[in-house]
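Each chain is listed here by its residues.
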Amino acid sequence: MKSHRVQAVDSHTGGEPTRVVIGGGPDLGGGSVAEQLAVFRDRHDRFRSAVVNEPRGSDVLVGALLVPSPDPDCVTGVIFFNNVGYLGMCGHGTIGLVATLAHLGRIGPGELRLDTCVGQVTAVLAADGAVTLTNVPSHRARKAVTVDVPGLGPVTGDVAWGGNWFFLVGEHPWALELRNVEQLTEVTWRIRQAVNAQGFPEVDHVELFGPPGAGGDSRNFVLCPGKAYDRSPCGTGTSAKLACLAADGKLEEGEPWVQESILGSTFTGRFRWRDRAKGEITPIISGTAHVNAELTLLLDEADPFCWGIR
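Description of the structure in this document. Values in this document were obtained by computation on a predicted structure and should not be read as measured data.

## Some thoughts on the overall build of the protein chain
Then, number 1: Scanning the protein chain from terminus to terminus reveals 5 helices and 17 strands.
Then, number 2: Over its C-alpha trace the protein chain gives a radius of gyration of 19 Å, about what one expects of a compact globule, namely 19 Å for 310 residues.
Then, number 3: Counting only C-alpha atoms, the protein chain reaches 55 × 45 × 35 Å along its principal axes.
Then, number 4: Sorting the 310 residues of the protein chain into buried and exposed places 56% on the buried side.
Then, number 5: Of all intrachain contacts in the protein chain linking residues separated by at least 6 positions in sequence, the fraction that spans at least 24 positions is 61%.
Then, number 6: Put simply, the protein chain shows about 12,900 Å² of open surface, and 48% of that area lies on carbon and sulfur atoms.

Next comes the structure, spelled out in structure tokens:
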């Protein structure tokens, strides 16, 4: 039996991996990226699992499927996905995608437009490989929400949108150090369950903040939807943080904010006001990705784990 071949390129952005599917993906029928996502989710979800889940992938891997965009000004459309489902936007994944397109020779330094299921974004590729992403509009939906977390007690945070929904916690007793990853994962998972149960079912990311290392403004720990932690500073999470800082008057328009990940890798964020009355900003995130593999995935129906372990 012949295997179906899927071509992909792997990269990492600040330690967080992205697998871009460049060939062999399902035909989603065209239309908007959101419409193509609906077809992907409803008819081809096993392909998502095959690409990112074990035995070919891992819980931390984020996939990016290149799809046509109906807008000729966009270089490509893209659908981001992970071990449990789909992402509205993905900051580290977009930076990884731009690095991948440059690696393939499809783009050079300069500005390009990308189409996602939650709106178009722009990115600028610098000659040195750095990428500056102008993300979708972001805002804080609720400030200082307190939830009762079983086993932890009351936890207070902000609910904000940065391309995905976040619960951001600044005041807490947990040390944001790599050696504490297991504890931080359990804590943030409990927080997410409580947030979802107590009025915010849309929140699928939890972000803790703490003191930075040298040269940063803040360190974070981000729990992603499938219970893996983000190795990067999280582009959509940094966007949500910028929205909160802007709403509180703690960061001026255009002022840099250096967000450090649990690994110590960094993104530099800035924002422009989009609608000051509504607290809506346009986040601008800069970072660097590195391509580390070109690969062909083989999908063989005779393999009992062809469609991933889930």
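## Observations concerning the pattern of salt bridges
Then, number 1: Counted according to the given criterion, the structure contains 12 salt bridges.
Then, number 2: A salt bridge links Arg46 to Glu301, with the nearest nitrogen and oxygen atoms 3.1 Å apart. Within this pair, whereas Arg46 is found in helix 2 (residues 45-52), its partner Glu301 is found in the segment after strand 17 (289-299), the two being separated by 255 residues in sequence.
Then, number 3: Its relative accessible area of 39% is what places Arg46 among the partly exposed residues.

## Considering the environment of Gln120
Then, number 1: Within the secondary structure layout, Gln120 lies in strand 7 (residues 119-125).
Then, number 2: Gln120 sits in the partly exposed class, given a relative accessible area of 31%.
Then, number 3: For the pair formed by Gln120 and Thr134, sequence separation is 14 residues and the distance between their alpha carbons is 9.4 Å.
Then, number 4: With near-sequence residues (within four places) excluded, Gln120 lies in contact with Asp71, Cys74, Arg113, Leu114, Asp115 and Val136.

Reading guide: rules and limits
Per chain, the residues get numbers from 1 upward, laid out in the order the sequence is written. The model is predicted, so local features are restricted to residues of pLDDT at least 70 and side-chain atom pairs to those at 80 or more, both for listing and for counting; the totals for chains, interfaces and linings are taken over all residues. Side-chain descriptors were evaluated using all non-hydrogen atoms of the structure, hydrogens and water having been removed beforehand. A run of H or I in DSSP becomes a helix once it reaches four residues, and a run of E becomes a strand once it reaches two; helices and strands are each numbered from the N terminus. The reference for a compact globule is 2.2 Å times residues^0.38; the radius of gyration itself is calculated from the C-alpha atoms. Whether a residue is buried, partly exposed or exposed follows from its accessible area with a 1.4 Å probe, protein chains only, as a fraction of its type maximum: under 20%, in between, or over 50%, in that order. In what follows, a contact means two residues having at least one pair of non-hydrogen atoms within 4.5 Å. Under the convention used here, a 1.4 Å probe and the Shrake-Rupley method define accessible areas, while residue burial counts only the protein chains that appear. Within this document, salt bridges are pairs made up of a side-chain nitrogen of Lys or Arg and a carboxyl oxygen of Asp or Glu, the two lying within 4 Å of each other.

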